[in-house]
Amino acid sequence: MKINVIGTGYVGLVSGVCMAAKGHSVKCFDTNPDTIQILKSGKCHFYEKGLEKLFVEYSDNLSFELLDASSEHKLLDCQVILMAVGTPTVNEKIDLSQIKTASKNIGKLIKNHDKFISVIVKSTVVPGTTDTVVKNILEESSGKKIGEFGLGMNPEFLREGNAVEDFMNPDRIVFGYEDEITLKYLHEIYSPWDVDKIIVNTRSAEMIKYVNNSILATLISTTNEYSNIAKSIGNIDFNTVMNAVHLDNRWSPIDKTTGERIYPEIINYLKPGCGFGGSCFPKDVMALAALSKEIGIKSLILDSVIKVNQLQPKVVLEYLEEKVGSLEGKNILVLGIAFKPETDDVRESVSIKLMKYLNTQRCNITAHDPISINNAKKIIDFDVNYVKDWKKELSNNDVIIISTNWNEYRELKDFDNTLENKILFDTRSLFNSNEFTNINYININ
Ligand code: NAD
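Remember, it's a predicted structure, so these values are computed and weren't measured experimentally. Residue numbers run consecutively from 1 along every chain, following the written order of its sequence. In keeping with the predicted nature of the model, local features appear solely for residues at pLDDT of at least 70, side-chain atom pairs appear and are counted solely at 80 or more, and the whole-chain, interface and lining totals rest on all residues. Calculation of side-chain values draws on the structure's entire complement of heavy atoms; hydrogens and water are dropped beforehand.

A.B. asks: Provide a residue-level description of the overall build of the protein, including the pertinent values.
C.D. replies: Scanning the protein for helices and strands turns up 14 helices and 16 strands. Radius of gyration: C-alpha atoms only; globule rule: 2.2 Å multiplied by the number of residues to the exponent 0.38. What you see for the protein is a C-alpha radius of gyration of 24 Å, in line with the 22 Å of a compact globule of 445 residues. Split into buried and exposed, the 445 residues of the protein put 54% on the buried side. Residue exposure ignores everything except the shown protein chains as possible cover, and the areas themselves are Shrake-Rupley values with a 1.4 Å probe. For the protein, the accessible surface area stands at approximately 20400 Å², while carbon and sulfur atoms represent 49% of it. Positive and negative side-chain charges of the protein, numbering 50 and 59 respectively, have mean locations separated by a distance of 2 Å. Only DSSP runs of H or I with at least four residues qualify as helices, and only runs of E with at least two residues qualify as strands; both kinds are numbered from the N terminus onward. Residue burial is assigned from relative accessible area. The probe radius is 1.4 Å, only protein chains are included, and a residue is buried under 20% of its type maximum, exposed over 50%, and partly exposed in between. Positive charges are assigned to Lys and Arg, negative charges to Asp and Glu, while His and the chain termini are left out of the count. Think of each charge as sitting on NZ of Lys, CZ of Arg, CG of Asp or CD of Glu.

Below, the structure written as structure tokens:
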């Protein structure tokens, strides 16, 4: 199929490249000239494991285009337009301005166009957006009615750091549709994927995405709250508490044929930490909470999930202070800035929230990340000494904080003998406490 993608960010580019790899002919558009220039040179403008390799391999099926007045007519040379623009949070609400601009643009173009085109929203938008906001703008700017063009919603569940694998081997694909031709196109696009396909109207598709993310975020905040309570009660081995909880058959069932216990990934959401970050969970929970208030429903749980999460970075650093004394004026090495390993995305990274707190304590902050330092520099507005070689910095700092669980930080173990009495604060449970004898190892548990 001929598919045009609007927005070549994490979702648009991964979707476009993976669809090209499955045999579709894909053109990706973006309004950012720098992004398009990089993509046209055969490189990715962000890091995602395996993405660049795939896009070079399937370059025959892929092209990139700067979206401006001179090129916008090319948007119509397809059967399907996938909208993968950003939907950030502004004033604690979803900001649909990129979606609205893209919809208006498409509407104006299809006004004088005879061929049927389906517009499919891939961005995460609050329930009711596609069949009201997007539909109304498309109808107003085109002078056509739905049926003369198609409308669908196909939420994306990929996780940055594992995005290509997630897209190529998804656990399910959701087809939200408002007309039969769009549903047929969705089947055609995803025919190479043999997986459960959930077929619903567009607002149900939108709701699936929000409930999915909100439940995961709820598990994280709930676990963090229990961990905070346990710390305050004192003398509780919370790690063992949670391991015991994980063994409940309903979380980790025993396979009847092998007799072995299955540890599903959901268990990772039941481990204490310093909260969730990244470009999706915080904004999606906030957007659903804001929508629910708009429609007159109290979002008591969602509000608490957000509140616990906002406080958690400070709570964990106060816990560290309880253990080692005031951090004021200390030299601190922060290991990891990306919101999770295997990505260079620092949006809403908890690591940055930790550093903000350290900055208020007038700490001297040194920070390392294997690939996200350039992105961090764009948004951190206080003094941080960024370093490429974290190992060289270990002895110069009073406290070392693991804030992103990059695998290379496992090498800290090799320094147990040389860093006697140094404080190592592990906010990601990268290690177990029995792995160090000389370093003063403190786990968030
Ligand atoms: P992003 O900010 O990385 O990318 C958005 C891109 O859209 C940018 O390159 C921007 O220049 C471009 N753009 C904006 N307006 C445009 C326009 N009118 N025409 C053409 N291009 C335009 O965003 P992202 O992380 O890829 O997320 C996109 C959507 O997917 C969001 O709604 C997000 O919530 C959702 N989502 C993201 C993830 C994730 O892990 N990042 C996962 C699932 C869903």
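A.B. asks: Just give me the short version of the nonpolar core, but keep the residues and values in it.
C.D. replies: Nonpolar side chains tend toward joint burial in soluble globular proteins. In this text, buried Ala, Val, Leu, Ile, Met, Phe, Trp, Tyr and Cys residues form a nonpolar core when linked through side-chain atoms within 4.5 Å. Counting 51 residues, the largest nonpolar core has Ile 6, Met 83, Ile 99, Ile 106, Val 134, Leu 138 and Phe 281 as its most contacted members. Counting contributing residues per domain, this core is built from domain 1 (2–200) and domain 2 (213–443), each supplying no fewer than three. The contact definition used throughout considers only heavy atoms, calling two residues in contact when any of these lie within 4.5 Å. In contact with Val 134, not counting residues within four places along its chain, are Met 83, Ile 99, Ser 103, Val 121, Thr 129 and Leu 151. Ile 36, Cys 44, Val 80 and Phe 116 belong to the second-largest nonpolar core, a separate cluster that totals 40 residues. These domain boundaries are the output of an automatic or database domain assignment.

A.B. asks: Give me the lowdown on helix α8 (residues 202–233), citing residues and values where you can.
C.D. replies: Helices are assigned an expected span. That span is 1.5 Å times one less than the residue count. Its 32 residues give α8 an end-to-end C-alpha distance of 47 Å, which sits within 8% of 46 Å, the value for a rise of 1.5 Å per residue. Looking one or two residues beyond α8, the residue adopting positive phi is Gly 234, at roughly 90°.

A.B. asks: Hey, could you go over the side chain of Thr 87 for me, with residue numbers and the actual values?
C.D. replies: Here Thr 87 shows up in the loop between β4 (80–83) and β5 (89–90). A polar side-chain atom of Thr 87 sits 2.9 Å from the main-chain carbonyl oxygen of Thr 124. Looking at Thr 87, its side chain comes within polar contact range of the side chain of Lys 283, at 3.1 Å. In this structure, Thr 87 is in contact with Ile 94, Asp 95, Leu 96, Ile 99, Ser 123, Thr 124, Val 125 and Lys 283, ignoring residues within four places of it in sequence. The term polar contact refers here to a pair of N or O atoms within 3.5 Å; inside protein, the definition further demands a hydrogen-donor-capable atom paired with an acceptor-capable atom, and it admits residues adjacent in sequence only when both atoms are side-chain atoms.

A.B. asks: Can you lay out the pairing of strand β14 (residues 399–402) for me, pointing to particular residues and giving the numbers?
C.D. replies: Remember that side chains alternate between the two faces of the sheet whenever the strand is regular. Taking every second residue as pointing to the same face, both faces of β14 are buried, with Val 399 and Ile 401 on one and Ile 400 and Ile 402 on the other. Pairing geometry for strand β11 (residues 331–335) and β14, over 4 bridges, is parallel. From the neighbouring strand, Ile 332 faces β14, where its bridge partner is Val 399. At least two DSSP bridges between two strands are required for those strands to pair.

A.B. asks: Explain the site of the ligand to me, and be specific about the residues and the numbers.
C.D. replies: Nearness is defined per residue: one heavy atom within 4 Å of the molecule or strand is enough. Taken together, 24 residues are adjacent to the ligand, and Val 11, Asp 30, Thr 87, Glu 160 and Lys 283 come closest. At 2.9 Å from an oxygen atom of the ligand is found a main-chain nitrogen or oxygen belonging to Thr 124. When isolated, the ligand has an accessible area of 840 Å², and the protein chains bury 87% of it. Lys, Arg, Asp and Glu make up the charged group, whereas Ala, Val, Leu, Ile, Met, Phe, Trp, Tyr, Cys and Pro make up the nonpolar group; the residues left over, Gly among them, are polar. Broken down by class, the residue content of the shell around the ligand amounts to 8 nonpolar, 10 polar and 6 charged. Looking at the shell around the ligand, you find at least three residues from each of domain 1 (2–200) and domain 2 (213–443).

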